[in-house]
Amino acid sequence: MNVFENAKWIWCGDRETKNVRIDFVVDFVAKKGQSAELFLSCDFQYALYLNGEFINYGQYADFEEYKIYDSITLDKLCEGTNLIKISAWHEGRETACSAVQSAGLIFSLWIDGEERAFSSGRTLCSVNTKYLCDNVSSNQIGKNAVYDELDCDNGVFVRADEVDKTKELLCRPVKKQLILPEKRVKLINTGSFISTVDENEPNQGKKAYFAYHKLDDKRKVRYLPDSEIPLKGEKDGCWAIVDLGEETVGLVSLDITLEKDCRVLIGWGEHIQDGRVRSWLGGRNFCLDLKLKKGRRRFLYPYRRIGARFLQINVFADSAILHHLSVKPTEYPLDHSQYFSCSDKLHNKICEVSARTLELCMHEHYEDCPWREQALYPMDSRNQMLCGYYAFGEFDFPRASLELLSKVQRDDGLLEMTSPSRGSRAIPSFSAMYFVELYEYMLYSKDVDFAYKTLCDTEGVLKSFEGQFCSNGLASLYTNDSRVWNFYEWQKNTDGFKVNGREVFDAPFNAFISMAYRSAAMIFEAAGDERSKFYFARVKEINEAINRLFYDPERALYYTRYTQEDKLCHLNQLTQALAVFCGACGEDKLDRVLETMMENTELLPATLSYSIFVFDALMKRPEKYARRVFDIIARDWGHMLYNGATSFWETIAGADDFSYAGSLCHGWSSVPLYFYYRYALGYRVETDSFEKADCGLYEIDGSVDILRSKKK
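Residues numbered from 1 in each chain as written. Predicted model: local features only at pLDDT ≥ 70, side-chain atom pairs only at ≥ 80, totals over all residues. Heavy atoms only, no water.

**A look at the packing of helix α4 (residues 396–406) against helix α5 (residues 428–445)**
Right, on to step 1. Where α4 contacts α5, the axes come no closer than 11 Å and their chain directions differ by 150°. Regarding α4 and α5, the two cross each other, and that crossing is left-handed. Between α4 and α5, the contacting residues are Pro398, Arg399, Leu402, Leu405 and Ser406 on the first element and Tyr434, Glu437, Leu438 and Tyr441 on the second. (Axes fitted to C-alpha atoms, helices over the stretch in contact; angles between N-to-C directions. Helix = DSSP H or I, 4+ residues; strand = E, 2+ residues; numbered from the N terminus. Left-handed = near helix turned anticlockwise from the far one by under 90°. Contact = heavy atoms within 4.5 Å.)

**Notes on the sheet that holds strand β7 (residues 80–90)**
Right, on to step 1. Read across the sheet, six strands follow the order β5-β4-β7-β2-β10-β14 without closing on themselves; strand pairing throughout is antiparallel. Here the strands that pair on one side only, and so sit at the sheet edges, are β5 (53–57) and β14 (158–159). (Pairing = 2+ DSSP bridges.)

**Structural notes on empty space enclosed by the protein**
Right, on to step 1. Going through the model one piece at a time under the given rule, you end up with six cavities of 30 Å³ or more.
Right, on to step 2. The volume enclosed by the largest cavity comes to roughly 270 Å³.
Right, on to step 3. Along the wall of the largest cavity there are 19 residues; nearest its centre are Phe44, Gln45, Ala61, Cys97 and Glu364.
Right, on to step 4. Tallied by class, residues from the lining of the largest cavity come to eight nonpolar, six polar and five charged.
Right, on to step 5. Lining the second largest cavity are 13 residues, with Asn144, Trp268, Arg304, Arg305 and Ile306 positioned closest to its centre. (1 Å grid on protein atoms, 1.4 Å probe; cavity = no way out; pocket = protein on both sides within 12 Å on 5 of 7 lines; lining within 4 Å. Points joined across faces, edges and corners; volume = space filled by probe spheres on them. Nonpolar A, V, L, I, M, F, W, Y, C, P; charged D, E, K, R; others polar.)

**With respect to helix α10 (residues 587–599)**
Right, on to step 1. Taking 1.5 Å as the rise per residue, α10 with 13 residues should run 18 Å; its terminal C-alpha atoms sit 19 Å apart, in good agreement.
Right, on to step 2. Buried within α10 we find Lys589, Leu590, Val593, Leu594, Thr596, Met597 and Met598.
Right, on to step 3. Buried residues along α10 sit in contact with α8 (531–550), β31 (551–552), β32 (557–558), α9 (573–582), α11 (611–618) and α12 (622–642). (Expected span 1.5 Å × (residues − 1). Buried < 20%, exposed > 50% of the residue type's maximum accessible area, 1.4 Å probe, protein only.)

**Quick word on the environment of cysteine 238**
Right, on to step 1. Its place among the elements puts cysteine 238 in strand β21 (residues 238–258).
Right, on to step 2. The spatial distance from the C-alpha of cysteine 238 to the C-alpha of aspartate 701 is 52 Å, given a sequence separation of 463 residues.

**Here's the deal with the environment of tyrosine 223**
Right, on to step 1. Of note, tyrosine 223 is situated in strand β19 (residues 223–224).
Right, on to step 2. With 206 residues separating them along the chain, tyrosine 223 and threonine 17 place their C-alpha atoms 43 Å apart.

**Remarks on unusual backbone geometry**
Glycine aside, residues mostly have negative phi angles, and peptide bonds mostly take the trans form.
Right, on to step 1. With an omega of 10°, the peptide bond between leucine 224 and proline 225 qualifies as cis.
Right, on to step 2. The residue proline 225 is located in the loop between β19 and β20 (229–232) in this model.
Right, on to step 3. Residues serine 419 and proline 420 are joined by a peptide bond in cis, for which omega reads -5°.
Right, on to step 4. Positive phi, close to 55°, is recorded for alanine 556, a residue that is not glycine.
Right, on to step 5. Inspection of the secondary structure assignment puts alanine 556 in the loop between β31 and β32.
Right, on to step 6. Residue alanine 556 is classed as buried on the basis of its relative accessible area, which comes to 3%.

**Digging into the nonpolar core**
Right, on to step 1. Counting 150 residues, the largest nonpolar core has Phe340, Tyr444, Phe465, Phe613, Phe630 and Phe675 as the members making the most contacts within it.
Right, on to step 2. Judged by nonpolar contacts, the second largest core, of 48 residues, contains Phe44, Leu251, Leu311 and Trp371. (Core = buried A, V, L, I, M, F, W, Y, C linked by side-chain atoms within 4.5 Å.)

Structure (structure tokens):
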């Protein structure tokens, strides 16, 4: 059944106007106890209300040519007439997590198998003038809200315009997010913008203590919404900071009583090491800018989730009463029946927080981080998928993310840096890594058909690599321009190397291509496609060339880079690990290279995200290195826990990295999950068997029943 057979794509006014929100309304009659099914899709984002109550949000991240619709059950229908409002947001700009589409909304409402309402030129709509068109920008994610209920027109509803847009819509490939009740939060502090202590105060310790803020109650821990917090301000106004208790992802919610019409700012961040929420840095603006009327005001920002631990409110008035400032968590429904445990409480906690970190970075697709970007990257998502197979036994989610990534192949053959996105720089190593995660999806899910079809659709990426190969049998780096970033990881000499019209060769880049070709060969072989022979042969040739140019037998290590001017240069752990992982480092040199990788202090260490390659390389010799791997996990991930982490960081430097923009929740740092399940618990999906390594952990228990069911 085509649920949109009668429905039309509609809009209100000029479709070229960017960053506009349009409210569409439709009423229908229902009986008590009935439920309805609403099918809808829009170009960017929507918020859904039933009889004035917020119900749902969240258009799936998609493209004009790959359009997804939602199906939402409405089970709180009133007897008689009910009113649906769909507020559709057309942003109209490219970001790291959205591609520009033509504005439009389509919907169809069904009750008991009968269509009761659908979008058409008869649908009433109005521009929501409370949201301004010229609001501030948040880098990578997109626009933030400037909301004004003081100087806005009352919406005038007119009939919608029917517009041209695809009628070939696909059902959402993953489950909808759960929208949970607002979290109970702890008040951290309140105050005003100047000192509240008299200059003649003899107790200067008190003066210093109150120099920037004053406490309403210095001895009692106060929680919202249990308490009503009076805010008092001087000069510019008053403020408060609340603690969500842990890294949280969801929709900002406010309940406040204002003494007068005034401006209210709500900022969010992951720490308060500045003494306040770090809500602006480097052009990124993590803030809602509101102008609210006098009296009790309730506000929910329904269009975009945030990632935060702390919220700060600044009220431009002398006083206010804060009833609640929180987040409605939005979480992807996951199966938590698989588990790992051991006698070591630190490792158990690392496993738990790794899974929580991964979960916080799953909504429509895998996200690098929920605070700063919310973007789907091929490299980041490889770690996330691999760990997610063990933590949640989840396969729909990685399949959908792989599908999204397959849609962003550029004219030069490479994949865009993120998806859905167009016009960003490509990272060639990430494009190569896409095929590794595609192969691993096939390995864990046994879904050969999807892997094979997707490989055939994206083989152009592999063919683009062929154009980089030179007479020495190696692929040279892409010439740097605005479209290419030769990046591997956030470490010196591997975080982006500029190439200006000359042949430069990197061992990591060639290792990534080797891994991509091997993954493609395995998928083709599983599908019975003869193309596997070509890619297996190319893997052998590339690996031989890596050894020929980059390997130093006397030092038992691989150099990272070769240039005509500097010859061989740069040493790091990642290069050694990738040489092992791609198969260039054979058994004849493995022990010496692993020893060099661990003992040679000249080698720059791998970062958290790429430690997975180092650990996997070391586990080639578990009898020698397994305990060291788990000791490093305890040291580095334990360091984050000892420093208050409730989710794991982008890098070990935490919030101070990247000019103080370091993320404190990053999906790629869920790496330990893979090692707890694969090596400590010992489950090997290839053989459906358990082979525990001596990791120094005891009383190990766990379940991988969902994974095992895929084997049968």
